[in-house]
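Observations on chain architecture
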Amino acid sequence: MGRTLRSALPAALLIAQSPLLAAAVEPPPLDAYGELPRVEDAAIAPDGGSIASVVQVKGDRRVLVIDKDDKLIFNASSGASKVRAIEWADSDTILLTNSATVPLYGFTTDKAELNGTIILPMKPGGEAGMVFGKGDKIARTTRGRYGIRTIEGRTVGYFGGIALDNSGGEPRFVHSRTTLYAVDIKTNRPRLAAPAASEGHYRDWLVDASGAASVILDISEESGLWKIYRTKGGELVRGIDPTGDVSLICFGKGGSTVIYRIEDAEGNQRWFEVPLAGGEAAEIFANVSLDRIFVDRRSGNLIGHRLSDENHTTVMDDRAHQSALTRIFRAFSGREPRLIDWTPEFSKVLLRTSGNNDSGTWYLVDVAQRQANPIGTERPDINPEQVGPISLIPYKAQDGLEMEGVLTLPPGREAKNLPLIMLPHGGPASHDTVSFDWWAQAFASRGYAVFQPNFRGSTGSSDAFRHAGDGEWGRKMQTDISDGLAELVKRGMVDPKRACIVGASYGGYAALAGVTLQQGLYRCAVSVAGVADIKLMYSTDLRESGDSKMLSKSLREQLGDPKRYDEVSPRRFGERADAPVLLIHGKDDTVVPYRQSLVMADALKDAGKPYEMVTLPGEDHWLSREETRKRMLAETMRFVQKHNPAD
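What comes next concerns the included structure. (Residues numbered from 1 in each chain as written. Predicted model: local features only at pLDDT ≥ 70, side-chain atom pairs only at ≥ 80, totals over all residues. Heavy atoms only, no water.)

This next bit is on the overall build of the protein. Looking only at helices and strands, one finds 11 helices and 37 strands in the protein. For 647 residues, the compact-globule formula gives about 26 Å, and the C-alpha radius of gyration of the protein, at 25 Å, lands near that figure. Each principal axis of the C-alpha distribution contributes one length, and for the protein these read about 70 × 60 × 55 Å. Residues counted as buried form 54% of the 647 residues belonging to the protein. Sequence separation of at least 24 residues holds for 56% of the intrachain contacts in the protein that already meet a minimum separation of 6. In the structure as shown, the protein presents an accessible area of about 28,100 Å², 49% of it carried by carbon and sulfur atoms. Counting 78 positive and 84 negative side-chain charges, the protein places the averaged centre of each group 2 Å from the other. (Helix = DSSP H or I, 4+ residues; strand = E, 2+ residues; numbered from the N terminus. Rg over C-alpha atoms; globule rule 2.2 N^0.38 Å. Buried < 20%, exposed > 50% of the residue type's maximum accessible area, 1.4 Å probe, protein only. Contact = heavy atoms within 4.5 Å. Areas by Shrake-Rupley, 256 points an atom, 1.4 Å probe, with all protein chains shown as cover. Lys, Arg positive; Asp, Glu negative; His and termini not counted. Charge placed at Lys NZ, Arg CZ, Asp CG, Glu CD.)

If a residue is not glycine, its phi is most likely negative; likewise, a peptide bond is most likely trans. With an omega of 0°, the peptide bond between Gly427 and Pro428 qualifies as cis. Structurally, Pro428 is set in the loop between β32 (418–422) and α4 (438–445). In this structure, Ala529 takes a positive phi of about 55° despite not being glycine. Assignment of secondary structure puts Ala529 in the loop between β35 (525–528) and α8 (534–544).

Let's shift gears to the sheet that holds strand β16 (residues 213–220). Read from one edge of the open sheet, four strands run β15-β16-β17-β18, paired in antiparallel fashion. Of all strands in the sheet, those with a lone pairing partner are β15 (201–207) and β18 (234–240), marking the two edges. Pairs of neighbouring strands in the sheet enclose a mean axial angle of 15°, with direction left out of account. Bridge analysis of β16 against strand β17 (residues 225–230) gives five bridges, and the strand direction is antiparallel. Bridge pairing in β17 links Asp218 to Lys227. (Pairing = 2+ DSSP bridges. Axes fitted to C-alpha atoms, helices over the stretch in contact; angles between N-to-C directions.)

In the structure shown here, the tally under the stated rule is one disulfide. With its sulfur 2.1 Å from that of its partner, Cys500 forms a disulfide with Cys524. Measuring handedness by torsion sign, the sulfur bridge of Cys500 and Cys524 sits at about 115° and is right-handed. Taken together, the residues Cys500 in strand β34 (residues 494–504) and Cys524 in the loop between α7 (506–516) and β35 connect sequence positions 24 residues apart. For the pair shown, Cys500 and Cys524 are each scored as buried. (Disulfide = S-S within 2.5 Å.)

The subject of this paragraph is the pattern of salt bridges. A complete count under the given rule lists 43 salt bridges for this structure. For Glu378, the salt bridge is made with Arg379, and the minimal N-O distance between the two is 3.6 Å. By the burial criterion, Glu378 is buried, and Arg379 matches it. A salt bridge links Glu487 to Lys490; the shortest N-O distance between them is 3.4 Å. Residue Glu487 and its partner Lys490 are located together in helix α6 (residues 476–490), separated by three residues, close to a single helical turn. (Salt bridge = Lys/Arg side-chain N within 4 Å of Asp/Glu carboxyl O.)

We now examine the pairing of strand β33 (residues 449–454). Counting buried positions over the six residues of β33 gives six, a clear majority of the element. Residues Ala449, Phe451 and Pro453 line one face of β33 and the alternating positions Val450, Gln452 and Asn454 line the opposite face, and both faces are buried. Looking at chain direction, strand β31 (residues 402–408) and β33 are connected through five bridges and run antiparallel. Considered in β33, the bridge of Glu404 is made with Asn454. Relative to β33, β32 is paired through three bridges, and the arrangement is parallel. Within β33, the residue paired with Leu420 across the bridge is Ala449. At this point the chain moves from β32, through α4, to the parallel β33, and the crossover so formed is right-handed. (Right-handed = clockwise from strand over helix to strand, strands pointing away.)

Next comes the structure, spelled out in structure tokens:
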């Protein structure tokens, strides 16, 4: 990141410029995998002159800014704050997003993970501080980001907030529905931009280039009736979706249309564009799978998209932009490139890569000069040759459904008769790719093959594949995982008698189901923040939503008939557990409550089954704190090596 940064930070933070080691060496310490990435996030200023980053320096999370002359102009610790993102509001001001787990009183849940946004001016004259932090009429938390606009030469940020009533002396929530505010970034003064939805409704907005919240999506929680309309000019389109699967995306090219997405009766995600002047909506992106879309941050207008095909085809409205991105992605073929940030004209781009021989690398790409310069590495203690080989393995489920999984092998080991860690992902609406996964690589470094199956219900494929998981928790979604094990055994890659199943969140549920709902497959199971009782999950989610009918319908669509939840809840089958179980859970988990692991521990204890329970004080669902993440990894590895040694 320049001469100043190189002198200001430990050399280990930067990419090593020395020759690679000629031969394989001993694996790095386990902590090298459990540590948070040395570079967590980065952003480039709109004028391309400065880079802001969130980095780890000797266990201290810091915010650093380097200017165009390679000068370190900002260097501050974030303290205990859980930083989630960094971005530039304009070329002189940074916005830092953080979160905290906070107790709530008088609500349907006793704690929540709330986000905050901090303004950090890089030049004198700007007002630093938390958005909504200057008064007592808006809670000091931001609920959604709706864009940054330049209005009469001033930078204005649009944020969702919660209105407070302080007429009784002590501020209290007027209600929990989101209100849209416009915040002058230089003075940190908010003003009302658009009112909240009425009771029983959800609302979303599009803010146009002039700074007006000119388009609104309104959804009735009761009926599922949704409408998209202009604040001045009337309704554009409407429909009914009992589960609320409709999203307001952005303005179309040039800002004369609105783009929205719905899920039809067959479960297909469909994209539509409707003119702002009124008229019929037309379907766009038909019969293609999108990886992402690109939106102009100054206006909210669509400027391009990227397909999730094998070549990651990029289609930009501007030919020069398309040429630039096509060259960039082609240059990094064989790895998983991710576009992080860019200047408005795509003259400079920030890119992150990972995959084979790459534990996570950040690049500054100068498009005009056709140069890609490495500016940081996430795990400098893991050398390229210590990254286990990663590949996709296609296979079929018992019912013939085609799917694939990600296989990570121990470095320098032949893929033959290896001990296996089955590592299903969370979500379950997620998927694994051929990229560096710190958990999978940690196991591979200790001699295990690791398989991450993209079972039915996973994203990254067709809508039909995603919905094939509806109602299949503990059923076909579970056998999809063990069918992946059978495929690796058939190929001679793994030893069927030396397999464990490990996972977090939904993956933790699958791990518990693998030794309770299934038998004879795994020598041990590790569940991190896993669901043990589906009926308890369903009732908890409903209670915390205020008994939302829309959420109830959505959960029933995903999980099936509530009367059958006990049939696939591992808690109900503790006496059938046929392998030792390790339960790990953070006390501050607001996604899968800590109680889920407690009830599973009680079931195993009552059944006289071997288990261990590890509590992570102060930790959330995402293992956001380095010390507890390292502890989780150490406990997991100890348990697996005890019950399924690699050698």
